[in-house]
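Listed below are the residues making up each chain.
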Amino acid sequence: MSEGDALPLGKLEIRVLHTPGHTPACVTYLIGDAAFVGDTLFMPDYGTARSDFPGGSAEALYASIRRILALPPETRMFVGHDYLPEGRNTFRWETSVAEQNSDNVHIHAGVTAEDFVAMRKARDAQLEAPLLILPSLQVNIRAGALPPASPGGRRYLKLPLNAI
Ligand SMILES: [Fe+2]
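Fair warning: this is a prediction, and the values are worked out from it, not measured in the lab. (Residues numbered from 1 in each chain as written. Predicted model: local features only at pLDDT ≥ 70, side-chain atom pairs only at ≥ 80, totals over all residues. Heavy atoms only, no water.)

For the rest of this paragraph, the subject is the side chain of Gln138. By the element assignment, Gln138 lies in helix H4 (residues 133-140). Those residues in contact with Gln138 that lie beyond four places of it in its chain are Leu157 and Lys158. (Helix = DSSP H or I, 4+ residues; strand = E, 2+ residues; numbered from the N terminus. Contact = heavy atoms within 4.5 Å.)

Here's what the structure looks like:
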């Protein structure tokens, strides 16, 4: 999918916004009054996605999020993960453009690109590699296709012994 694409969905249409930053390939899907933002913004009390993966960019993430937050305030927003910030123990997945603009702990209205990029880079420098990064990359890089089966029928992912 690319910026500006439109896919029919029954009587609706899926519109595509290219919203890079977490990865260069990230997109947001707009369907009616709903935005599916993947890993760009999380719930307002958690903030935003890391931008230190290969091809990631805190500057690009800021620009992408500002585009998303320029959608109509009543736009419903569905996030890609909820990591349960301290003080909350029930999962949430739906918020709105208005709520993000007023309450997002990283990027509410008024946070400058400079401040956001500095915050994001400092935070990313302290994050561990995700637990499942090695298996995930090996499947994602093939667009979800699993590796070919071995002669015995099992499929194997590779595990480097001298990395991470
Ligand atoms: Fe992600």
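Right, let's get into the packing of helix H1 (residues 58-68) against helix H3 (residues 113-124). Interaxial distance between H1 and H3 falls to 9 Å at its minimum, and their mutual angle equals 130°. Regarding the angle of H1 to H3, the classification is oblique. Once H1 is placed against H3, the crossing between them reads as right-handed. Here Ala58, Glu59, Leu61, Tyr62 and Ile65 of H1 come into contact with H3, specifically with Ala113, Phe116, Val117, Arg120 and Lys121. Looking at the contact of H1 with H3 residue by residue, the class counts come to seven nonpolar, no polar and three charged. (Axes fitted to C-alpha atoms, helices over the stretch in contact; angles between N-to-C directions. Parallel < 35°, antiparallel > 145°, perpendicular 65-115°, else oblique. Left-handed = near helix turned anticlockwise from the far one by under 90°. Nonpolar A, V, L, I, M, F, W, Y, C, P; charged D, E, K, R; others polar.)

This part covers the environment of Pro72. On the secondary structure map, Pro72 appears in the loop between H1 and strand S5 (76-78). Note on Pro72: relative accessible area 41%, which makes it partly exposed. Remark: the alpha-carbon pair of Pro72 and Gln100, spanning 28 residues in sequence, is separated by 12 Å. (Buried < 20%, exposed > 50% of the residue type's maximum accessible area, 1.4 Å probe, protein only.)

So, on to H3. For H3, built from twelve residues, the straight-helix expectation of 16 Å at 1.5 Å per residue is met to within 8% by its first-to-last C-alpha distance of 16 Å. When H3 is considered as a whole, its buried residues turn out to be Phe116, Val117, Arg120 and Asp124. The buried residues of H3 occupy one face: seen down the axis, they fall within an arc of 95°. Those residues of H3 hidden inside the fold are in contact with H1. (Expected span 1.5 Å × (residues − 1). Arc of directions from axis to C-beta.)

The next subject is the sheet that holds strand S3 (residues 27-31). Strand order across the open sheet formed by six strands is S1-S2-S3-S4-S5-S6, with mixed pairing between neighbours. In this open sheet, the two strands that pair with only one neighbour each are strand S1 (6-9) and strand S6 (94-96). In this sheet, neighbouring strand axes are inclined to one another by 30° on average, regardless of whether the strands run parallel or antiparallel. In this sheet, S6 lies alongside S5 in antiparallel orientation, the contact comprising three bridges. Note on S6: the bridge partner recorded for Arg76 is Ser96. (Pairing = 2+ DSSP bridges.)

Within H1, burial applies to Ala58, Leu61, Tyr62, Ser64, Ile65 and Ile68. The arc that holds every buried residue of H1, seen down its axis, measures 165°, which confines them to one face. Lining the buried residues of H1 we find strand S2 (12-18), S3, S5, helix H2 (97-103) and H3. Sitting at the amino-terminal end of H1 is Ser57, which places a side-chain oxygen 3.3 Å from the backbone nitrogen of Glu59. (Polar contact = N/O pair within 3.5 Å; in protein donor to acceptor, adjacent residues only side chain to side chain.)

This paragraph deals with the nonpolar core. In this structure, Leu41, Ile65, Met77 and Phe116 are the most contacted members of the largest nonpolar core, which totals 20 residues. Where this core is concerned, the elements lending two or more residues are H1 and H3. Broken down by element, the residue count for this core peaks at five residues, all from H1. Contact partners of Met77, with chain neighbours within four places excluded, come to Ala35, Val37, Leu41, Ile68, Leu69, Trp93, Glu94, Thr95, Ser96, Val97 and Gln100. (Core = buried A, V, L, I, M, F, W, Y, C linked by side-chain atoms within 4.5 Å.)

At this site the iron ion is bound by His22 (NE2) and Asp39 (OD), with donor distances of 1.9 to 2.3 Å. In this pair, His22 sits in the loop between S2 and S3 while Asp39 sits in the loop between strand S4 (34-36) and H1, placing the two residues 17 residues apart along the sequence. Exposure remark for His22: the relative accessible area of 8% places this residue in the buried category. Taking the relative accessible area as the measure of exposure, Asp39 reaches 18% and is therefore buried. (Donors = N, O, S within 2.8 Å, 3.2 Å for Na, K, Ca; no water.)

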